[in-house]
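Chain by chain, the residues run as shown.
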Amino acid sequence: MVAVAVHERPEAQGLIDGLIESATGLDPRSELAAVERQVVRCRRCPRLVEWRERVARERRAAFAAEEYWGRPVPGFGDPRARVYVLGLAPAAHGGNRTGRVFTGDRSGDWLYASMHRAGFASQPSSTRRGDGLRLDGAFVGAAVRCAPPANKPLPEERERCLPYAGDELRLLTRVRAIVCLGAFAWDCAARLYALRPKPRFAHGAEHTIDGGPVMLGTFHPSQQNTFTGKLTEEMLDRVFVRARELAS
Ligand code: SF4
């Protein structure tokens, strides 16, 4: 069972939520969509709120004509998922621009291409919301939902945000494998399930949570790792093939 406390939701919020369409195509009446709406409104971390909104105002020159999302980025995928992919946080000009996790940046290109080869994604690219990408049997979330400066959230920001991933995992009752993208995500998954001692991260590491899913570790598909060859397509593909095995 997920051990991290969930965020509380005001009673009346449910009525308001029902009137707002899901940003990622979830059934708006579902509990997952309610979590999504709670995420996109969140302003609990002043430093990250200031940063995500400033990046959205100032923009990168290449995207100057685009309207940035500039809000927390919700999870995305199949409500019947058997594989949950846990990332670190949205990229300033990726998810923070497009509003969908791992969308519009090179890390997302790598991730969804691999998930496509493993049969979890309908297409190998992820450029913007509404680009036709659908996930089948997989759901992608992040430990922290706002883009952090230098991709480094503070420990207290991680603690505030991690319950959203916990909410998703609690609702995604079919999940059999959690693919942790990098050591940070691996550590967060261990926190979610209150694992003691914490299992050790490595690329290709596996840890079966007592009565829960199997954690699978992979190096993060960041440019730092993919440009240098620390993570190759074959390495990432092997992890998703293993996830597929566990899911079936
Ligand atoms: S990082 Fe998470 S908890 Fe903090 S403001 Fe963003 S969504 Fe809210």
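Overview of the structure. No experiment lies behind these values; they were computed from the predicted model shown. (Residues numbered from 1 in each chain as written. Predicted model: local features only at pLDDT ≥ 70, side-chain atom pairs only at ≥ 80, totals over all residues.)

### Comments concerning the overall build of the protein chain
Spelled out, the test is: Going along the chain from the N terminus, every DSSP run of H or I of four or more residues is numbered as a helix, and every run of E of two or more is numbered as a strand. Two things to know: the radius of gyration comes from C-alpha atoms, and the globule rule equals 2.2 Å times the number of residues to the power 0.38. Here, residue contact means that the backbone-derived C-beta atoms of the two residues sit within 7 Å.
Scanning the protein chain for helices and strands turns up nine helices and six strands. Computed over C-alpha atoms, the radius of gyration of the protein chain comes to 17 Å, within 12% of the 18 Å expected from 2.2 N^0.38 for 248 residues, which places it in the range of a compact globule. Projecting the C-alpha coordinates of the protein chain onto the three principal axes gives extents of approximately 40 × 40 × 35 Å. Contacts in the protein chain between residues far apart in sequence, at least 24 positions, make up 67% of those at least 6 positions apart.

### Some details on the sheet that holds strand β4 (residues 177-181)
Note on sheets: strands pair through backbone hydrogen bonds, and any given pair is parallel or antiparallel. How we decide: Think of it this way: DSSP has to see at least two bridges between two strands before they count as a pair. Simply put, an axis is a line fit to the C-alpha atoms, just over the touching stretch for a helix, and the angle between two N-to-C directions goes from 0 to 180 degrees.
Within the open sheet, the six strands sit side by side as β1-β3-β2-β4-β6-β5. Their pairing is mixed. Across the chains shown, the open sheet's two edge strands, defined by having one partner strand only, are β1 (76-77) and β5 (206-208). Sheet analysis places strand β2 (residues 83-87) next to β4, joined by four bridges and oriented parallel. Bridged to Tyr84 within β4 is Ile178. In the packing of helix α7 (residues 183-192) onto the sheet, the strands contacted are β2, β4 and β6 (214-218), and the crossing angle to β4 comes to about 140°.

### A short note on α7
For clarity, the cut-off: Exposure classification rests on a simple neighbour count of other C-beta atoms within 10 Å of a residue's own: a residue reaching 20 or more is buried, one at 12 or fewer is exposed, and one in between is partly exposed. C-beta atoms are placed from the backbone.
Taken across its ten residues, α7 has seven buried, putting it largely inside the fold. Listing the buried residues of α7 in full gives Phe184, Ala185, Trp186, Cys188, Ala189, Ala190 and Leu192. In this structure, the buried side of α7 is in contact with β2, α6 (155-171), β4 and β6. Taken from the residues just after α7, Ala194 is the one with a positive phi, measuring 50°.

### Points about the site of the ligand
Operational definition: We count a residue as near a molecule or strand when its backbone-placed C-beta atom lies within 6 Å of that partner. Ten residues, namely Ala, Val, Leu, Ile, Met, Phe, Trp, Tyr, Cys and Pro, are considered nonpolar, four, namely Asp, Glu, Lys and Arg, are considered charged, and the remaining ones, Gly among them, are considered polar.
Taken together, 14 residues surround the ligand, and among them Cys42, Cys45, Pro72, Cys146 and Cys161 come closest. Going through the elements one at a time, α3 (46-58) and α6 are the ones with two or more residues in the shell around the ligand. Per element, the largest residue contribution to the shell around the ligand is three residues, and it comes from α6. Here the shell around the ligand is composed, by residue class, of nine nonpolar, no polar and five charged.

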